[in-house]
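Residue strings, one per chain:
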Amino acid sequence: EPKRALDDEMLEQLEELLIASDMGVDIALRVTANMAEGRYGKLLSATEIKSLLASEITRVMEPVARPLPIYPKTPQVVLVVGVNGSGKTTTIGKLSSQFRAAGKKVVIAAGDTFRAAAVEQLQVWGDRAGVPVLTAPEGSDPAALAYDAMVKAEADGADLLMIDTAGRLQNRADLMEELAKIVRVIRKKDPDAPHNTLLVLDATTGQNALRQVELFGQMADVSGLVMTKLDGTAKGGVLVALADKFGLPIHAIGVGEQIDDLQPFDPEEFADALVGLERN
Amino acid sequence: MFENLSERLSGVFDRLTKQGALSEDDVRTALREVRVALLEADVSLPVARSFIKNVEKKATGAAVTKSITPGQQVVKIVHDELIATLRGEGDPGKLKIDNPPAPILMVGLQGSGKTTTTAKLAKRLKDREGKKVLMASLDTNRPAAMEQLAILGTQIGVDTLPIVPGEDPVQIAKRANTQASLAGYDVYMLDTAGRLHIDEELIAQAAAVRDVANPRETLLVVDGLTGQDAVNVATEFDDKIGVSGVVLTRMDGDGRGGAALSMREITGKPIRFVGLGEKMDAIETFEPERIAGRILGM
Ligand SMILES: Nc1nc2c(ncn2[C@@H]2O[C@H](COP(=O)(O)OP(=O)(O)OP(=O)(O)O)[C@@H](O)[C@H]2O)c(=O)[nH]1
Ligand SMILES: Nc1nc2c(ncn2[C@@H]2O[C@H](COP(=O)(O)OP(=O)(O)OP(=O)(O)O)[C@@H](O)[C@H]2O)c(=O)[nH]1
Ligand SMILES: [K+]
Ligand SMILES: [Mg+2]
Ligand SMILES: [Mg+2]
């Protein structure tokens, strides 16, 4: 493999590679600068450069690669939030299936009482995962449903209660307040709940993901992230900016529409894909 | 984080103007700031690059370098160029729905807003143009996708093609055509399953639907929050299926909407509508001025 001296032109190309992954300009500059430190003018092959960049990214991502923690106290309440169409309902189906396979007793609450056929969609996922789905009529109060679901989950001796919510954009104050209300009502039943609040992000989303994490974090105390749709060509580079800025754990990634298409977040694999490095 | 372009540029030019008249190099420095602003607004990299090249020619003229307010001059040039690019050539006019029944095919990535937009457009055609519209869901993939469209149809008072389990998308498209012809519909809308642009099987399926339906319009529905991937989505959907226009959804969010520029540049097709919410009336025609200002944070 031919080698080239690491110079400004090459650094600019590397920055662009990272920017094209949705990493954002600031962090792309920082990652390349860190990588280049002490190496300026050195002869490097393309693979060497990509490996160096990938290690730099892996270093940032390793601390946030953590599976969803499971607590001894039951029912553990997992609230799932995010903007419209990001993949919340599908992710609940996939997670429920995994937890059930791990021997957990899971209950799902269909907290999206707004979108057309949201409940029917979740019921299909419940069937696929072999998990009961608690529902309320369209248009009813999602906070009340969440509360009832907690009572039911406790009575049934469930280990986990997964609560789906309607998609909402983080700049919609009214809808964000509705979410805050769900959290408040849940806490009336159990002051420690929700024990996890998962924000589901779509990998095709650009820099707006930063606003999503910031505002959902403020209104709903987000405790971890899931990124979906990483089976496409979107690289999800914004996760690096998010790890840098918020340090929230990334619990899983979605890589398809089927029930098994959910994987743990692997920092090294993610970094390799991001810089286009193929390891043999 | 999202410093707006005027602020960015005034910072640069304050530094530069201390040395007297601007050189072409100075303008280039300023354009690097423009580039960063575009990238932060989620304009795809290759699109940002070619856009800057266009602007550079216009911005290195005497009107800018000799100006006492070079920063504002550059902002104006960038802004005007952005509007011109977003508008494109020729008036896209109304949706082509002459020759009833006119098929409209809706395509896009998973979760981009196809089903919602199908219903919004159907309602708009019914309410504003008095059209008799039939909606059909060809989504045999996503759980309850067909029910979703049927419920929306009931809400807005637009007919949906009865659901027949077991049919594939091509069969449903044919049945929609027959039904629309027999029952005197003006327009029939084909909502399709979300698909990735690199999913060869599903893209081929959409192309097969296109071939039987011969749509008068094929609208690519794109999430307005899309980042750098916009360039791939636009390229592949336009190459493999062929689109006649774009709808940008979730423009009620606080995203900067750079995907609008990417879509327009890559497909060369007009952006027809923007989605501004989940409700059935939350759709408007595309206005380049508004999106340009938004991309620049002005
Ligand atoms: N390719 C791919 N598609 C996915 C993935 N996760 C979800 N989807 C698809 O994305 C679309 C939206 O998923 P949903 O689970 O309905 O998203 P949501 O966040 O619940 O949507 P709303 O409730 O409407 O806000 C569906 O077509 C899913 O099949 C993934 O990891 N990869
Ligand atoms: N805020 C907002 N939400 C929208 C807009 N358009 C669609 N949505 C929401 O986005 C989510 C996904 O919309 P759908 O119409 O189901 O998207 P789709 O492309 O049909 O999804 P799949 O069929 O799963 O690929 C739903 O929650 C919609 O209510 C919009 O313009 N603004
Ligand atoms: K999306
Ligand atoms: Mg949902
Ligand atoms: Mg749909």
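These lines cover the structure that appears in this document, whether it is placed above or below.

### What to know about the site of ligand 1
Phase 1: By nearness alone, 23 residues border ligand 1, and Gly87, Lys88, Thr89, Thr90 and Glu257 of chain A come closest of all.
Phase 2: The environment around ligand 1 is built from residues contributed by chains A and B.
Phase 3: In this structure, Asp231 of chain A approaches ligand 1 through a side-chain N or O atom, which is 2.8 Å from a nitrogen atom.
Phase 4: Contact distances for ligand 1 include 3.2 Å between an oxygen atom and a backbone N or O atom of Gly254 of chain A.
Phase 5: Here ligand 1 loses 96% of its free accessible area of 650 Å² to cover by the protein chains.
Phase 6: Residues belonging to the shell around ligand 1 are distributed by class as follows: 2 nonpolar, 13 polar and 8 charged.

### With respect to the pairing of strand β1 (residues 102–107) of chain B
All names here are of chain B.
Phase 1: Counting buried residues along β1, 6 of its 6 residues qualify, which places the element largely inside the surrounding structure.
Phase 2: Side chains Ala102, Ile104 and Met106 of β1 all project onto a buried face; the interleaved residues Pro103, Leu105 and Val107 project onto the opposite face, where all are buried too.
Phase 3: With 5 bridges connecting them, β1 and strand β4 (residues 187–191) associate as parallel partners. The partner of Leu105 across the bridge, within β4, is Leu190.

### A closer look at helix α4 (residues 88–101) of chain A
Residue and element names in this part refer to chain A.
Phase 1: Taking 1.5 Å of rise per residue, the 14 residues of α4 would be expected to cover 20 Å, and the 20 Å separating its terminal C-alpha atoms lies within 8% of that figure.
Phase 2: Here α4 lies mainly inside the structure; 11 of its 14 residues are buried.
Phase 3: Those residues of α4 that sit buried are Lys88, Thr89, Thr90, Thr91, Ile92, Gly93, Lys94, Leu95, Ser96, Ser97 and Phe99.
Phase 4: Immediately beyond the C-terminal end of α4, within one or two residues, lies Gly103, with a positive phi of roughly 90°.

### Here's the deal with helix α5 (residues 70–87) of chain B
Residue and element names in this part refer to chain B.
Phase 1: In this model α5 runs 26 Å from its N-terminal to its C-terminal C-alpha over 18 residues, within 8% of the 26 Å that 1.5 Å per residue would give.
Phase 2: Here α5 has its buried residues at Pro70, Gly71, Val74, Val75, Ile77, Val78, Glu81, Leu82, Ile83, Thr85 and Leu86.
Phase 3: One or two steps after α5, the chain reaches Gly88, where phi turns positive at roughly 70°.

### Things to note about the interface of chain A and chain B
Phase 1: Each side of the interface is counted separately: chain A has 39 residues, and chain B has 38 residues.
Phase 2: The closest approach of N and O atoms between Arg49 of chain B and Glu16 of chain A, which form a salt bridge, is 2.6 Å.
Phase 3: For the pair chain A and chain B, the interface holds 18 residue pairs in polar contact (both at pLDDT 80 or more).
Phase 4: For the side of chain A that touches chain B, the secondary-structure elements that each account for two or more residues are α1 (8–19), α2 (25–36), α5 (118–129) and α8 (208–220) of chain A.
Phase 5: Class assignment for the residues of the side of chain A that touches chain B results in 13 nonpolar, 14 polar and 12 charged.

### Focus on the site of ligand 2
Phase 1: Within the structure, ligand 2 sits among 24 residues, and Gly113, Lys114, Thr115, Thr116 and Arg142 of chain B are positioned closest to it.
Phase 2: Here a nitrogen atom of ligand 2 and a side-chain polar atom of Asn84 of chain A are 3.5 Å apart.
Phase 3: Side-chain polar atom of Lys120 of chain B to an oxygen atom of ligand 2: 3.5 Å apart, as the coordinates give it.
Phase 4: Here the element with the most residues in the shell around ligand 2 is helix α6 (residues 114–129) of chain B; it accounts for 4 residues.

### Focus: the nonpolar core
Phase 1: Counting 142 residues, the largest nonpolar core has Ile57, Met61 and Leu225 of chain A together with Leu190 of chain B as its most contacted members.
Phase 2: A per-element tally of this core places helix α2 (residues 24–40) of chain B first, with 8 residues.
Phase 3: Those residues in contact with Leu190 of chain B that sit more than four places away from it in its chain are Ile104, Leu105, Met106, Ala136, Leu138, Ala173, Ala176, Val209 and Ala213 of chain B.
Phase 4: Core analysis: the second largest hydrophobic core is formed by 24 residues, Val133, Leu149, Val187 and Met280 of chain B among them.

### Regarding the coordination of the potassium ion (ligand 3)
Phase 1: All of the protein donors around the potassium ion (ligand 3) are Asp202 of chain A (OD) and Asp223 of chain B (OD); their distances to the metal are 2.3 to 2.9 Å. In this pair, Asp202 of chain A is assigned in strand β7 (residues 196–202) and Asp223 of chain B in strand β5 (residues 217–223), connecting two distinct chains. The pair Asp202 of chain A / Asp223 of chain B is uniform in exposure class, with both members buried.

Rules behind the numbers
Residues numbered from 1 in each chain as written. Chains lettered and ligands numbered in written order. Predicted model: local features only at pLDDT ≥ 70, side-chain atom pairs only at ≥ 80, totals over all residues. Heavy atoms only, no water. Near = heavy atom within 4 Å. Polar contact = N/O pair within 3.5 Å; in protein donor to acceptor, adjacent residues only side chain to side chain. Areas by Shrake-Rupley, 256 points an atom, 1.4 Å probe, with all protein chains shown as cover. Nonpolar A, V, L, I, M, F, W, Y, C, P; charged D, E, K, R; others polar. Buried < 20%, exposed > 50% of the residue type's maximum accessible area, 1.4 Å probe, protein only. Helix = DSSP H or I, 4+ residues; strand = E, 2+ residues; numbered from the N terminus. Pairing = 2+ DSSP bridges. Expected span 1.5 Å × (residues − 1). Contact = heavy atoms within 4.5 Å. Salt bridge = Lys/Arg side-chain N within 4 Å of Asp/Glu carboxyl O. Core = buried A, V, L, I, M, F, W, Y, C linked by side-chain atoms within 4.5 Å. Donors = N, O, S within 2.8 Å, 3.2 Å for Na, K, Ca; no water.

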